[in-house]
Amino acid sequence: MLWSRAFIPTLRETPAEAEVVSHRLLLRAGYIRQLGAGIYNYLYLAQRSMLKIQQIIREEMDAIGAQEFYLAALNPAEVWQESGRYEVMGDNLFRLKDRYGRPLCLGMTHEEVMTYIARGELRSYKQLPQIWYQIQTKFRDEPRPKSGLLRVRQFIMKDSYSFDLTPEGLDESYEKHRIAYCRIFDRCGLDYIAVEAHSGAMGGSQSQEFMVKTEAGEDYVVLCRQTGYAANLEKAVSRPKPPEAPDPEGALEPELVHTPGQKTIEEVANFLGLPQTSLMKTLCLIADSQPVVAILRGDHQLSETKFQSAAGCQEFRPAHPEEIRELFGASAGSLGPVGLNGVRILVDEALRGRRNMVCGANRDDYHLRNVTPEEDFRGEWHDLRQVAPGDTELETGAPLEIVKCVEIGHIFKLGYKYSHAMGLKVLDQNGAEIPVIMGSYGIGVERVLCAAVELFSDEDGMCLPVSIAPFEVVLTPVKITDPSLKEAADRLYAELKAAGVDVLYDDRDLSPGVKFKDADLIGVPFRVNIGRKLAEGKLELVNRRTRETAEIDAATAAAEIRRRIEEARPQARH
RNA sequence: CGGGGCGUGGCGCAGCCUGGUAGCGCACCUGCCUUGGGCGCAGGGGGUCGCAGGUUCAAAUCCUGCCGCCCCGACCA
C-alpha cells in the first residue's frame, strides 16, 4: 500500500476523552473512530490487525478440528426464553421488536443458537464429538462502556462450543481448546496468564481465563510466583494473615460490653484496644429474597462470588436498614450471630478454631466479648472471604501477589445446562436417549489488539508484534523527490510485495521527521530508511520496539528484511 | 442507577463569572522554500457555539428542560 493513497488519519494531539493507553493510541494512530458510547468504527489499520488476529484464531481452531459457522446475530426471543437467559441477562441483552411486534434480541453469545442447531440435527452418538465456532459481532448493552475498545457494546468474539457424549469427552474438547488458546495468544505475541476462573452466570464447572497483565484491566488475578498458582480474585483462595493477637484461652461465657457510638469494625477495635483480627464482622444480605448472614474476621472482605455460590442464590443485595432492624433488633453497627434464630448463617473458614472473639450483641451500642464459633453460635462453614494483600498460598504459605489484568479469553465446561434446558439429546450405543455435554470457549478479538497495544507501546506510539501489526514493514525514503531514493524505494517495494511481505510504502512528500513520527505511532514493527547511505549501497533497517538499527545491503534488502520479519514472528510454544 | 466533569471549525483549547465583533494552536487548501525526527514564509477556506424553550433591544455568555460524551462508583459470560 502507498501511504499517499491510504486512509490513515493520525492525530498529533490526543482526543480529550481517551484515558487508557490503547484507546489513546488507537485513536491517534488512526485505527479507530468512535460512533457512540461503546460503539466504534474500525478503519483501515484496525481492520487489517483484526483480520490478522482472526486468521490466527481460525488456523488454530481449524487445527483442532473445529468447524466455522456464520450465525444469526438477530435472534428470536423464544430461543433465549427457552434457556431462561432472556430474563437472566436483564438489561445487558439488547432487545427489539419487529414490525409485527414480535420480540427479538441481539446475540451477546451463542449458546442458545448453537444448541438450537444441535438439537435439531444431532441424533446419534456417532455424530459426536463436534466443535463448532464462529467469529462474529456480539452485542451487549453494557451499563458503562469504557476504556476505548476494552469494554464496548458491539464487539467481535470468537466463540466455540463443544458437544460430547461423556464428561471424559468434554475433558478432551476442553483440553484441545486450552492448547489452541495458548497457541493463539503465543502467536499474537502476548504475555498472558491462564488462571482459574469463576464460571458465573454461564453455569458450569471447570473454567479458565486467559489474562494479560495491564493497568487498563478491570479484573484482579491472584498469583504465586513460587507455586505457579493463578486464579481470578473472584475465586482465589489463600491462607489469611495470622491474627495479630492471640485469642483469650478458656471456655469463657459471652459477656456484654458497652460500646457507645462505636459502629465500624475499626471503631470497635480501637475502642476495645484490640486488633481488627480479634473481631467478627456480621453482614446481612438478602439472597433471592431470603435473609442470609455472613460472618467474617473483622479485617476481611466478603467475596461476592463466593457468597453467591455458598448461598446458592441467583442474586443478592445488602439488606436495608429496616430489614436489619426487624431481623436483629439492632442496627448495622452492633450485629452478631449469637442468639439468631431461623436465619441461615454462613461462617468464613478463617474463623475455624478461633475462640473468645468480639462481635455485635444485637443491641445498639453493645458488643459481646468471648464469643466462640460452634459453641456460642452455629453456622455453615464456607470460604467466603476475598484474598487480601499479604495473604499467602493456601498449601505452601508462599507469597501471593494481586495483579490487575484484562481478560482476553475464557474457556469453560458448561455441562448439561443448555442441553437440559433446550432438550439436546442423542441416542447412545444401546439406543437410550442421553443428554449431550457441552463446553463454551470465547476470545475477545478487540481485547487481543488492545492488550497488545497496552503491552507494547512507548511514548512515540505502538510497537505491535509482527503477527498482528497492520503492516510488517514500512519503507521510508527520506526524500521522495530525490530520483535515486525514489527509484530504490520503488524497486524494494516491488520486491517485497512479490515476496509476500505486508509492506507500507511512505511515498508522501513530507519532511522525514513527520514520516518517522507517523511510522512510530502506527506501530509497524520494521522501518526501512532509504537515505544518505544509499550512495554506499546501504539501507537502514530499524526495529520499532528495540530501536536497533542495522545497515543492510540495498541489493539483497528484500530477502534480508523478509528473513528478519520471520525471525521476529512470535511462535506457538505449546 | 448514584456522584463528578465536559459539549465553541477535523483535533486540542480560550471566551461564559461581568450579555453587544466568535478567537488561538495544530490540521486542511494555494504558492514559494525545505528534506535524517511532527521545517519556514506568505495567502486562504471552514463554526446552526449540543438541542429546545425562556429572559433581554441584544444570548456562546443568564434561566429552565432535554440530549450526548468522559471519569469514579454500582453493575458486568
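### A word on helix H2 (residues 44-63)
- For H2, spanning 20 residues, the distance from its first C-alpha to its last is 29 Å, which sits close to the expected 28 Å at 1.5 Å a residue.
- Three or more residues of H2 are buried, namely Leu45, Ala46, Ser49, Met50, Lys52, Ile53, Gln54, Ile56, Ile57, Glu60 and Met61.
- Two residues or fewer past H2, Gly65 is found with a positive phi of approximately 85°.

### A short note on empty space enclosed by the protein
- Taken as a whole, this structure holds one cavity of 30 Å³ or more when the rule is applied.
- Counting only elements with at least two residues in the lining of the largest cavity, the list comes to helix H13 (512-522) and strand S29 (526-530).

### Some thoughts on unusual backbone geometry
- Note the cis peptide between Leu128 and Pro129, where omega equals -5°.
- Examined against the element boundaries, Pro129 turns out to sit in the loop between helix H5 (111-121) and strand S7 (130-139).
- Residue Ser147 is not a glycine yet carries a positive backbone phi of 55°.
- For Ser147, a relative accessible area of 19% gives the class buried.
- We note that Asn362 has phi near 60°; this positive angle belongs to a residue other than glycine.
- Mapped onto the fold, Asn362 is located in the loop between strand S18 (357-360) and strand S19 (366-371).

### Quick look at the protein's contact with RNA strand B
- Around RNA strand B, the structure places 45 residues, and the nearest of them are Arg12, Arg140, Arg144, Asp520 and Glu540.
- Take the atoms of RNA strand B that sit within 4 Å of the protein: sugar and phosphate atoms are 50% of them.
- With respect to RNA strand B, the backbone of Ala16 contributes an N or O atom lying 2.7 Å from a phosphate oxygen.
- Within the contact set of RNA strand B, a base oxygen lies 3.4 Å away from a side-chain nitrogen or oxygen of Asp509.
- Elements represented by at least two residues in the surface near RNA strand B include exactly strand S1 (32-36), strand S8 (154-164), H13 and S29.
- Grouping the amino acids of the surface near RNA strand B by side-chain chemistry returns 16 nonpolar, eleven polar and 18 charged.

### Structural notes on helix H1 (residues 21-28)
- Counting buried positions along H1 yields six of eight residues, so the element is predominantly enclosed.
- Taken together, the buried residues of H1 touch S1, strand S2 (39-42), helix H11 (445-455), strand S25 (457-458), strand S26 (461-462) and H13.
- One or two residues past the end of H1 sits Gly30, with phi positive at roughly 75°.

Parameters at a glance
Residues numbered from 1 in each chain as written. Chains lettered and ligands numbered in written order. Predicted model: local features only at pLDDT ≥ 70, side-chain atom pairs only at ≥ 80, totals over all residues. Heavy atoms only, no water. Helix = DSSP H or I, 4+ residues; strand = E, 2+ residues; numbered from the N terminus. Expected span 1.5 Å × (residues − 1). Buried < 20%, exposed > 50% of the residue type's maximum accessible area, 1.4 Å probe, protein only. 1 Å grid on protein atoms, 1.4 Å probe; cavity = no way out; pocket = protein on both sides within 12 Å on 5 of 7 lines; lining within 4 Å. Points joined across faces, edges and corners; volume = space filled by probe spheres on them. Near = heavy atom within 4 Å. Polar contact = N/O pair within 3.5 Å; in protein donor to acceptor, adjacent residues only side chain to side chain. Nonpolar A, V, L, I, M, F, W, Y, C, P; charged D, E, K, R; others polar. Contact = heavy atoms within 4.5 Å.

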